[in-house]
Structures are given as C-alpha cells and as structure tokens.
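Each chain is listed here by its residues.
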Amino acid sequence: MTQWPSYGLVFEVPGKVRGKGRPRFMKNGHTYTDKNTVTYEKLIQASYLKHTSYISQKSVRISMYICFAPNKSDTKKNKLIKLKNSLWPGKKPDIDNVIKIVLDALNKIAYQDDTQVNEIHVLRHWNKEEKLVICLSENGELFRS
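Along each chain, numbering runs from 1 in the same order as the chain's sequence is written. Reporting in this predicted model follows two pLDDT cut-offs: at least 70 for local features of residues, and 80 or more for side-chain atom pairs to be given and counted; totals over whole chains, interfaces and linings ignore these cut-offs and use all residues. Side-chain metrics in this entry use all non-hydrogen atoms of the structure; hydrogen atoms and water are not considered.

Enquirer: Run through unusual backbone geometry, naming residues and quoting values.
Expert: With omega at 10 degrees, the peptide bond leading from Lys-92 into Pro-93 counts as cis. Despite not being glycine, Lys-108 has its phi angle at roughly 70 degrees, a positive value. Helical segments are the DSSP runs of H or I of at least four residues, strand segments are the runs of E of at least two, and each set is numbered from the N terminus. Mapped onto the elements, Lys-108 comes out in the loop between helix H3 (95-106) and strand S5 (117-126).

Enquirer: Go over the packing of helix H1 (residues 35-49) against H3, please, and point to the residues and values.
Expert: Orientation is described by axes fitted as lines to C-alpha atoms, over the contacting stretch for helices, and by angles from 0 to 180 degrees between their N-to-C directions. Interhelical geometry of H1 versus H3 gives an angle of 60 degrees and a closest axis separation of 9 Å. In terms of axis orientation, H1 runs oblique to H3. Here H1 runs over H3; the crossing is right-handed. Of H3, the residues touching H1 (which contributes Thr-37, Tyr-40, Glu-41, Ile-44, Gln-45 and Tyr-48) are Ile-101, Val-102, Asp-104, Ala-105 and Leu-106. Throughout, the ten residues Ala, Val, Leu, Ile, Met, Phe, Trp, Tyr, Cys and Pro are labelled nonpolar, Asp, Glu, Lys and Arg are labelled charged, and all others, Gly among them, are labelled polar. Of the residues assigned to the contact of H1 with H3, the class counts are 7 nonpolar, 2 polar and 2 charged. Relative orientations are named as follows: roughly parallel for angles under 35 degrees, roughly antiparallel for angles over 145 degrees, roughly perpendicular for angles from 65 to 115 degrees, and oblique for any other angle. Handedness of a crossing is defined here by the sense of rotation of the near helix relative to the far one, left-handed for an anticlockwise turn of less than a right angle and right-handed for a clockwise turn. Contacts were defined at the residue level, with two residues in contact if any of their heavy atoms lie within 4.5 Å.

Enquirer: Pulling in residues and values, what's your account of the nonpolar core?
Expert: Counting residues in each nonpolar core, the largest one holds 28 residues, and the members touching the most others are Leu-132 and Ile-134. Mapped onto this core, the elements with two or more residues apiece are strand S1 (9-14), H1, strand S4 (59-68), H3, S5 and strand S6 (131-140). Of the residues forming this core, the biggest block, 7 residues, is contributed by H3. Filtering out sequence-adjacent residues up to four positions away, Leu-132 remains in contact with Phe-11, Glu-12, Val-13, Val-17, Tyr-40, Met-64, Tyr-65, Ile-66, Val-98 and Val-102. Residues grouped as a nonpolar core are buried Ala, Val, Leu, Ile, Met, Phe, Trp, Tyr and Cys residues, joined through side-chain atoms within 4.5 Å. Burial classification: accessible surface area is computed with a 1.4 Å probe over protein chains only, and a residue below 20% of its type maximum counts as buried, one above 50% as exposed, and the rest as partly exposed.

Enquirer: Requested: an account of a nonpolar patch on the surface, with residues and values cited.
Expert: Patches were defined on residues exceeding 30% relative accessible area and lacking a salt bridge, with like-charge contacts within 9 Å and nonpolar side-chain contacts (Val, Leu, Ile, Met, Phe, Trp, Tyr) within 5 Å. Each accessible area value is a Shrake-Rupley result obtained with a 1.4 Å probe; residue values ignore everything except the protein chains displayed when judging cover. By definition, a salt bridge exists where a carboxyl oxygen of Asp or Glu is found within 4 Å of a side-chain nitrogen of Lys or Arg. On the surface, a cluster of nonpolar side chains totalling about 310 Å² of accessible area is made up of Tyr-65, Trp-88 and Leu-123. Residue placement: Trp-88 occurs in the loop between helix H2 (76-83) and H3.

Enquirer: If you had to explain the environment of Ser-53 to someone new, which residues and values would you point to?
Expert: Residue position: Ser-53 is located in the loop between H1 and S4. Spatially, the C-alpha atoms of Ser-53 and Ala-110 are 7.3 Å apart, while their sequence positions differ by 57 residues.

If you want it as structure tokens, here you go:
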C-alpha cells in the first residue's frame, strides 16, 4: 500500500474548474446529480488515482488552489494585471461549491469518510491555464471515543 509522503500528496485536475451542481428532481420525486457534476467528480477521482490508491484513516487536511485563466478577450494589460494576481477573481464557481465537489469526489477514494476532513484551505487566483490543484496531508490519528 502506498502512503502519502510526509508532506502530503499534490495533484492537479486539468481544465475548467466546476462546483457541485444543485440536485435535480424528477417528476416522481427522485433526485439525481447532473451529468456535469458526475463527470467532474470522476475527473477528480482519476487525477487522484494516477498518483496513489491510498485511503487515509486519519484526520485529513486539504488545500485547494482554484486557478482561473484570463479571458481570451482580455487586453494584454488586463491579462498582465490578472496574472500578477493584482486583481482577485470574482467569477464562478463559488468556493463552497468547489469544496463540496472535491470532498464528495474523494470520499471513499482518498479517505474513508469526509468527516475525517478537519482542515480546509482554499485560494482562488489567476494562472496561465485553468486547473484545480489539490494538496492532501494527514493530521495524525483520529480521536475515537
């Protein structure tokens, strides 16, 4: 079994960053998750599993770096301002929806249950390419009562 290194595991999810979609309701009362959410969750899982199949049983810390690319229509000046991160991104997806999709995607893949996640850091910033960078590390043994 491969364990995360002492500093944790860092992996990238390429492409447009998505947040967790709202549940959809059918006429018969059943709910389902929309196709875009399911597809992005599978991409997160596949990106994790490229590095390891380790499932933590300890307390987990997650850091997420949501990287947005400047718009193609931005002027050179605006692109430069954005890439220097002098201007913070004010666009969708919202941080809370990104947290939710990552926690749900990694549940039973990187950790037994998302109740193990006891610390989350999230930063949205500009980058040359759009992607989501996820860093996972363990905080030690879980308290068992």
